[in-house]
Every structure is written in C-alpha cells, then in structure tokens.
Amino acid sequence: MTTMNDTSNAARFREFKMPDVGEGLTEAEILKWYVQPGDTVTDGQVVCEVETAKAAVELPIPFDGVVHELRFPEGTTVDVGQVIIAVDVAPGSGDAAPVPEPAAQPDPEPEAPKGRQPVLVGYGVAETSTKRRARKGTATAVPAVAAAIQGEMNGHGAAAVRESRPLAKPPVRKLAKDLGIDLATVVPTGEGGIITREDVHAAATPVPAQAQAPVAVEAAPVPAPEAPASVVAGVRETRIPVKGVRKAIAQAMVGSAFTAPHVTEFVTVDVTRTMKLVAELKEDKDMAGVRVNPLLIIAKALLVAIKRNPEVNAAWDEANQEIVQKHYVNLGIAAATPRGLIVPNIKDAHDKTLPELAAALGELVSTAREGRTSPAAMAGGTVTITNVGVFGVDTGTPILNPGESAILAVGAIKLQPWVHKGKVKPRQVTTLALSFDHRLVDGELGSKVLADVAAILEQPKRLITWA
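Residues numbered from 1 in each chain as written. Predicted model: local features only at pLDDT ≥ 70, side-chain atom pairs only at ≥ 80, totals over all residues. Heavy atoms only, no water.

A word on the overall build of the protein chain
- Looking only at helices and strands, one finds 12 helices and 19 strands in the protein chain.
- Relative to its full complement of 467 residues, the protein chain shows a buried share of 41%.
- At a minimum sequence separation of 6, the contacts of the protein chain that also span at least 24 residues come to 65%.
- Summing over all exposed atoms, the protein chain offers an accessible surface of approximately 24,600 Å²; the carbon and sulfur share of this is 56%. (Helix = DSSP H or I, 4+ residues; strand = E, 2+ residues; numbered from the N terminus. Buried < 20%, exposed > 50% of the residue type's maximum accessible area, 1.4 Å probe, protein only. Contact = heavy atoms within 4.5 Å. Areas by Shrake-Rupley, 256 points an atom, 1.4 Å probe, with all protein chains shown as cover.)

Spelled out as structure tokens, the structure:
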C-alpha cells in the first residue's frame, strides 16, 4: 500500500539514470565523480565522467537539487538505464527518507520487457543487474565509500578513504592482485593519494625503505596511462582485461580487415616546398592563433584530391548491395590517446578554409589528448589520415576505419639525397601510403588520388590551381 509519506518522498527525490551516450551503447564505467552527497547541483552541471566503448564522456544532470546518494563508486561498470545518483529536489522540507541501495537486494527474476525508457541522451534499455566487481563488506557500505572517494577528490575526507579502501584505478588493482601486493601497504605517490602502477612495482621490488619512493619515480619517469606493466622479477606474464576503447578497437579492426578487401599503394615524394610553405604560414597574420604544421597541408591536399576524384569518397552498403557516394567529407584524424586509438573527424572538412581547417585540427587533437572526445565526434567519418611519421616510422599499411573507403598514412619527413633539377641535393622527403576498399575503389582511382596528394605536396601551388 502506498502511503502519503511514500508519495511525498517519490516527488521529493529524483533519480538520474545512466544514459545512452551514443550509438546504442549498453553500458559505461564510472571513471570519476565530481560531486558527493550534500553538494548542491544545478540543471546542466556535470556530475561524473564515464567511459564507454568509444570515449570518455562527462554527464550533466538535468535538474536542480542536493545530492542525496551516489549509487555506485568509481570503477563500476553500469548498464544503461540503471540509476546512478539520487537528488533531493526539495531540500529543507523535512528529514530525508533513505533511498534503498539496489545492490543490497538479491537479483530479481527476469521480467517481461517494459520497453525502452527515455533518459538524458537517447533511450535507455530495460534495467538489468549491474555488472560490477566483487567487493568486500556489505552492499550498504557503497554510498559511504563513494562519498569518501569523492571527499578525497574535493580535498577532504582523505583519512576515511585510506581507512576503508585505498585509492587506485581498476588496472592498478589488477596489477597488485597479480603481484600479490596488498594495496593497503602501498605508499601512494599519485595526485590526491591515488596509487599508481609505479607504486605497486616499487612495493613489489625489494629495496631499502628509504630509497623506495625515488626508485619508483626513476624507474618510469613518464609512464603512459593504461600501458602494459613493465617486467617485474618473478612475474612472467601480465593479463590486461580487454574492455572499453581497446575492445572497440579490436572489434572494429578485425571487422574491417576481414570484410573490406584492402589494397595499399605507396609513393615517396619531395615535400621541401610544402615545408617552406608551412614556415611561411606560421608567420602569416591570417593564421595567427592556430597551429600550422605539415599535417594541415596534407589534410588540405587530400581534400583537393577527393574533389578531383569524388568517387573515392564512398561507402559500401552490404545490406542493400549499393555503393553510397558521399557529397561531403568528414575527415578523420587517427589519434593515439592514453585509452587507445580513436578516430574523431572534422565534419564537412571540404567546406573549410585553411584557417578554419587549422582551428578544427587543433581542437580535435587537444580534445582527444584530454580524453574528452565524444562518440558523436567519431561517427560519420568518410576518409581518414593517420600520421605514423610522428613516431619516426617511414610508412605502413593502414587498416580502414569501418565504413570508410580510404585511409592515408603519412610517414616521417626526413632530409634525404634527392635528384632535384638534375643534381643530387638534400631534400625533405616522405612516403605516403593509401589503403582503400577494393570493392568500390579500383586501382586506377586509388592511384589517381594518391598521385594527386603527392603532386600537391611536391608543388603546393596546386592547392590554388586545382582547388
């Protein structure tokens, strides 16, 4: 029987569910809480950061109030449609009735689907049991632990966190478990008292106590986040769970490699004039405030080549047995991030001027490095550029981004002996590699595109004469 108190509580407390943040994703891992119980929130305020199979996304809450409860701690994978936070939308109207902790209840029997419920972004799925790691202690301790963790991030409550559960990311906890290290005995050196991989390695290495912290820093001065653990004495293998962005990359690359018949062509080109143009553009007042580099000219060259050979900008529709010609170019830029490879794209890149393209490239790269690329920014790409030259690599055979027709790999630009005007001179040289889907791009068409890109980089004035 529903009482008046139950009805008033239901009206007073609003629950925010894990939204579908894009393209039908069904779950996400809570990376960080930005609020804790007792904090005031406003409509549109970001309350947490979650990681999906495609990107890290910040979630804004769609109403005002005071945070009553965080349902799950950081590191928990939650299904879309599951309640993650409860907010008191009428604070000061009496004692708050406790909101039940869902994890404390036994798994319910399967029920008939009731349809997808609307959430903040798109539509969620029917609620299911939450996929989460086993934890010691009772489920009723979850809100307290979450609040303690958030208190540590906000600069208070650190003691409570250390007493209840050491702060560490899931991969670091897995590493500690593999090495047989109790995290409670590890001295944290990370920001905010977070235990890092180096801290775990230091705890596993028998060194004098007074030298432990310095050795941990010197062993890996600038570690790449989520990188495979270094070799530790006595440990022959390390297993890293395949999830999130890495899992999505694996599935996409396998699907692409064994669906689209790849052909890769190569050309080595003298880009000395392009490098001179880059230097001149850096001094141009019209390019002030944007980053000018060789990738900018290469991107513009590819856009011009596509304009001259529009048939290359297409996609294969297997279901309808059609080739879909794209009359726009969403230019993808492969970016290596701490969470793995992602390919955000510049929407309608073909319509942008050189300064606009430079600004878009700069924003794309900075957003990717900060881990803020949204799923929407990675959807709808038509062709991609991957710059392997930044790693000192000459060339490669890139795999197509699923759903795209071509990908251009750019090698390192190096000073090499080159025959120029009948004489051997030192010139700036690079190697380009173009992979394309042979179902819809014939060898002739692929060769024309690659040759056009090379010709523009050799004589950048063609950006004007061919545009």
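Thoughts on the sheet that holds strand 6 (residues 65-70)
- Pairing within the open sheet is antiparallel, and its four strands lie in the order 1-8-6-3. Pairing within the sheet leaves two strands with one partner each, and these edge strands are strand 1 (13-17) and strand 3 (40-41).
- As paired strands, strand 3 and strand 6 are joined by two bridges and run antiparallel to one another. Its bridge partner lying in strand 6, Val41 is registered against Gly65. (Pairing = 2+ DSSP bridges.)

A word on the sheet that holds strand 4 (residues 46-51)
- Spatially, 5-4-2-7 is the arrangement adopted by the four strands of the open sheet, whose pairing is antiparallel. The open sheet has two free edges, formed respectively by strand 5 (56-60) and strand 7 (77-79), since each of these has just one partner strand. Each strand of the sheet is rotated relative to its neighbour by a mean of 40 degrees, with strand direction disregarded.
- Judged from the five bridges that link them, strand 4 and strand 5 form a sheet pairing that is antiparallel. Its bridge partner lying in strand 5, Val50 is registered against Val57. (Axes fitted to C-alpha atoms, helices over the stretch in contact; angles between N-to-C directions.)

Quick notes on the nonpolar core
- Among the nonpolar cores identified, the biggest contains 47 residues, and Leu302, Leu331, Ile385, Leu408, Leu432, Val453 and Leu457 are the most heavily contacted of them.
- Elements that contribute at least two residues to this core include exactly helix 8 (272-282), helix 9 (294-308), strand 12 (331-333), helix 10 (354-369), strand 16 (383-387), strand 17 (406-410), strand 19 (423-437) and helix 11 (443-458).
- Sort the elements by how many residues they give to this core and helix 9 lands first, with 11 residues.
- For Leu331, the residues in contact, after removing those within four places along its chain, are Ala299, Leu302, Pro344, Asn345, Ile346, Ala349, Val383 and Ile385. (Core = buried A, V, L, I, M, F, W, Y, C linked by side-chain atoms within 4.5 Å.)

Quick look at a positive patch on the surface
- A contiguous patch of positive charge on the surface is contributed by Lys276, Lys421, Lys423 and Lys425.
- Take Lys423: it is sitting in strand 19.
- What makes Lys423 exposed here is its relative accessible area of 56%. (Patch = residues over 30% accessible without salt bridge, like charges linked within 9 Å, V, L, I, M, F, W, Y side chains within 5 Å. Salt bridge = Lys/Arg side-chain N within 4 Å of Asp/Glu carboxyl O. Lys, Arg positive; Asp, Glu negative; His and termini not counted. Charge placed at Lys NZ, Arg CZ, Asp CG, Glu CD.)

A few points about the pattern of salt bridges
- Summed over all chains, the structure comprises nine salt bridges.
- Linking Glu69 and Arg71 is a salt bridge whose minimum nitrogen-to-oxygen distance equals 3.1 Å. Per residue, the accessibility class of Glu69 equals that of Arg71, and both read buried.
- Residue Asp452 pairs with Arg308 through a salt bridge whose shortest N-O separation is 3.0 Å. With Asp452 in helix 11 and Arg308 in helix 9, this pair connects stretches of sequence that are 144 residues apart.
- Overall, the relative accessible area of 40% leaves Arg308 in the partly exposed class.
- What emerges from the salt-bridge pattern is a single network uniting Glu15, Glu69 and Arg71.

With respect to the packing of helix 9 against helix 11
- The contact between helix 9 and helix 11 brings their axes to 9 Å, and the two run at 135 degrees. As far as their axial angle goes, helix 11 and helix 9 are oblique. Viewed along their axes, helix 9 and helix 11 form a crossing whose handedness is right-handed. Facing Ile297, Ile298, Ala301, Leu302, Val304, Ala305 and Arg308 of helix 9, the residues of helix 11 in contact are Val449, Asp452, Val453, Ile456 and Leu457. (Parallel < 35°, antiparallel > 145°, perpendicular 65-115°, else oblique. Left-handed = near helix turned anticlockwise from the far one by under 90°.)

Let's talk about helix 5 (residues 197-204)
- Within helix 5, six of the eight residues are buried, leaving the element largely enclosed by the surrounding structure.
- Those residues of helix 5 that fall on the buried side of the exposure criterion are Arg197, Glu198, Asp199, Val200, His201 and Ala202.

Quick word on the environment of Val57
- Note that Val57 resides in strand 5.
- Here Val57 falls in the buried class, since its relative accessible area comes to 13%.
- For the pair Val57 and Ile30, spaced 27 residues apart in sequence, the C-alpha separation works out to 9.7 Å.

Here's the deal with the pairing of strand 11 (residues 322-325)
- In this structure, strand 10 (residues 314-317) lies alongside strand 11, joined through four bridges in antiparallel fashion. By the bridge assignment for strand 11, Trp316 is matched with Ile323.
- Between strand 10 and the antiparallel strand that follows it, strand 11, lie four residues; Gln321 among them carries a positive phi value of about 55 degrees.

Some points on helix 8
- Taken as a whole, helix 8 has its buried residues at Thr272, Thr274, Val278 and Leu281.
- The inward-facing, buried residues of helix 8 abut strand 9 (262-270), helix 9, helix 10, strand 19 and helix 11.

Section: the environment of Thr353
- With respect to the helices, strands and loops of the structure, Thr353 is situated in the loop between strand 15 (345-346) and helix 10.
- Overall, the relative accessible area of 40% leaves Thr353 in the partly exposed class.
- Put simply, Thr353 and Lys300 are 53 residues apart on the chain and 9.1 Å apart in space, counted from C-alpha to C-alpha.

So, a nonpolar patch on the surface
- On the surface, a nonpolar cluster with roughly 310 Å² of combined accessible area is contributed by Val390, Phe391 and Val393.
- Structurally, Phe391 is set in the loop between strand 16 and strand 17.

Some thoughts on the side chain of Glu404
- Tracing the backbone shows Glu404 in the loop between strand 16 and strand 17.
- Apart from the residues lying within four places of it in its own chain, the contact partners of Glu404 are Ala314, Gly381, Thr382, Val383 and Thr384.

What about the packing of aromatic side chains?
- Summed over the entire model, instances satisfying the criterion amount to zero aromatic pairs.
- In this structure, Arg308 is placed above the aromatic ring of Trp466, and the distance from its NZ or CZ to the ring centre is 3.8 Å. (Phe/Tyr/Trp six-rings, centres within 6.5 Å; stacked < 30°, edge-to-face > 60°. Lys NZ or Arg CZ within 6 Å of the ring centre and 35° of its normal.)

Observations concerning the confidence of the model for the protein chain
- On average, residues of the protein chain carry a pLDDT of 78, and 73% of them reach 70 or more.
- A low-confidence stretch, residues 98-164 (pLDDT under 50), is modelled with 120 contacts involving residues beyond four sequence positions or located in other chains.
- Per-residue pLDDT stays below 50 along residues 207-227; that stretch engages in 14 contacts with residues further than four places along the chain or on separate chains. (pLDDT = per-residue confidence, 0-100.)

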